Structure formats: C-alpha cells, structure tokens
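# Fold and contact review
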Amino acid sequence: MISFEREVRFQDVDAAGLLFFPEFLSYAHEAMEQLFASLEGGYVRLITERKVGLPAVRIQSVFHAPVRYGDRLSIETRVLALGNRSMKLGYLFRRQDGVLAAELEHTVVTTDLNLLRSCEMPADVRRIAETHLDPDA
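To start, this report covers the structure provided alongside it.

Cut-offs applied
Residues numbered from 1 in each chain as written. Predicted model: local features only at pLDDT ≥ 70, side-chain atom pairs only at ≥ 80, totals over all residues. Heavy atoms only, no water. Salt bridge = Lys/Arg side-chain N within 4 Å of Asp/Glu carboxyl O. Helix = DSSP H or I, 4+ residues; strand = E, 2+ residues; numbered from the N terminus. Contact = heavy atoms within 4.5 Å. Pairing = 2+ DSSP bridges. Polar contact = N/O pair within 3.5 Å; in protein donor to acceptor, adjacent residues only side chain to side chain. Phe/Tyr/Trp six-rings, centres within 6.5 Å; stacked < 30°, edge-to-face > 60°. Buried < 20%, exposed > 50% of the residue type's maximum accessible area, 1.4 Å probe, protein only.

## Let's talk about the pattern of salt bridges
Note that side chains of opposite charge can pair when their charged atoms are close. Per the counting criterion, the structure on display carries 12 salt bridges. A salt bridge links Arg6 to Glu30, with the nearest nitrogen and oxygen atoms 2.8 Å apart. Of this pair, Arg6 sits in strand E1 (residues 2-7) while Glu30 sits in helix H1 (residues 22-35), and the two are 24 residues apart along the sequence. As a salt-bridge pair, Arg50 and Asp124 come within 2.7 Å of each other at their nearest N and O atoms.

Encoded structure:
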C-alpha cells in the first residue's frame, strides 16, 4: 500500500462546497500515477514513450462522508487483484480527521496504445503491482 496526500481545491467542489463526485476518480488516477512513479521515467514515460496504458474498464465507488473545499485527503492505494493483463486497484480516501470518506475500486487493463488492444503486463509494472498486492484482498 502507498499513501498519497491531496488538498481539495476550489475548482474540485460543487455548488454545495463538497468534493464533486467525479473528482474522486481524478484523485484516484493521481494516486495510481504515484503508485507507478518508481518506473524508469515514471508513469509519464510508460504512456508517452513506451506506449503502454492502463485504461479503466470498471469502477465501483462507495461514499461514506462529505469532503469539503480545503480538506486534506489521504488516498491509500493497494492492488486487490493481479492478472496477466489486468489489475484491480483499491483506494481508501480519508479526511485529515481520519474519517473514511470514500472507497473506490478501479480495474485497469494493460493496453498497447499503438494498437489499442490489451497486452501482457510489462515486468516492471508487474513487480510494482506485486509489491503493493493486498494479501487480504
């Protein structure tokens, strides 16, 4: 598991001053980029040079408590399942007061971005995923 912290910005909230629900997906993607930051060249190089992507094929979310403008979130990321071409990532969003605000599960498929077809997971991506595989998932 890794943890990534993020402050809720003004542009991320709705008219009620609460984190707009689609922003949880953006935050999860940022957390995924952090998970793979140790790749040579980071997640950016994986996409732009190696032409390997991890597009979402399934997303599930449960919202527990409100998140407001200015709150600081800790996003805990772990790998819940790992296949040859796909993985399921789990995210826990906790406010600065420790309250669990949301849970998100995100299944991605390793994709050759030139062909737009699934492909075998590169060994270095798999190593990172294995490192963060939740044994209780």
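## Side note on the side chain of Thr110
With respect to the helices, strands and loops of the structure, Thr110 is situated in the loop between strand E6 (100-109) and strand E7 (111-112). When residues no more than four places from it in sequence are discounted, the contact partners of Thr110 are Val52, Gly53, Leu54, Arg85, Ser86, Arg117, Ser118, Cys119, Glu120, Met121 and Pro122.

## Here we look at the sheet that holds E7
Backbone-to-backbone hydrogen bonds pair the strands of a sheet. The strands run either parallel or antiparallel. With antiparallel pairing, 3 strands are arranged side by side in an open sheet as E2-E7-E8. What marks the edges here is a single partner per strand, and that holds for strand E2 (52-53) and strand E8 (117-118).

## Comments concerning the side chain of Asp12
With respect to the element layout, Asp12 can be found in the loop between E1 and H1. A polar contact is formed between the side chain of Asp12 and the side chain of Tyr27, at a distance of 2.6 Å. Beyond its immediate sequence surroundings of up to four residues, Asp12 is in contact with Arg6, Leu18, Leu19, Phe20, Glu23 and Tyr27.

## Examining the packing of aromatic side chains
On inspection of all chains with the given rule, the structure shows 4 aromatic pairs. Centre to centre, the rings of Phe24 and Phe93 are 5.1 Å apart; their planes meet at 85°, and the pair counts as edge-to-face. A residue pair is termed long-range when its members are at least 10 positions apart, and Phe24 in helix H1 and Phe93 in strand E5 (residues 86-95) qualify at 69 residues. Exposure remark for Phe24: the relative accessible area of 5% places this residue in the buried category. Take Phe93: its relative accessible area is 0%, and that puts it in the buried class.

The quantities given are spatial measurements derived from coordinates; they are silent on function.
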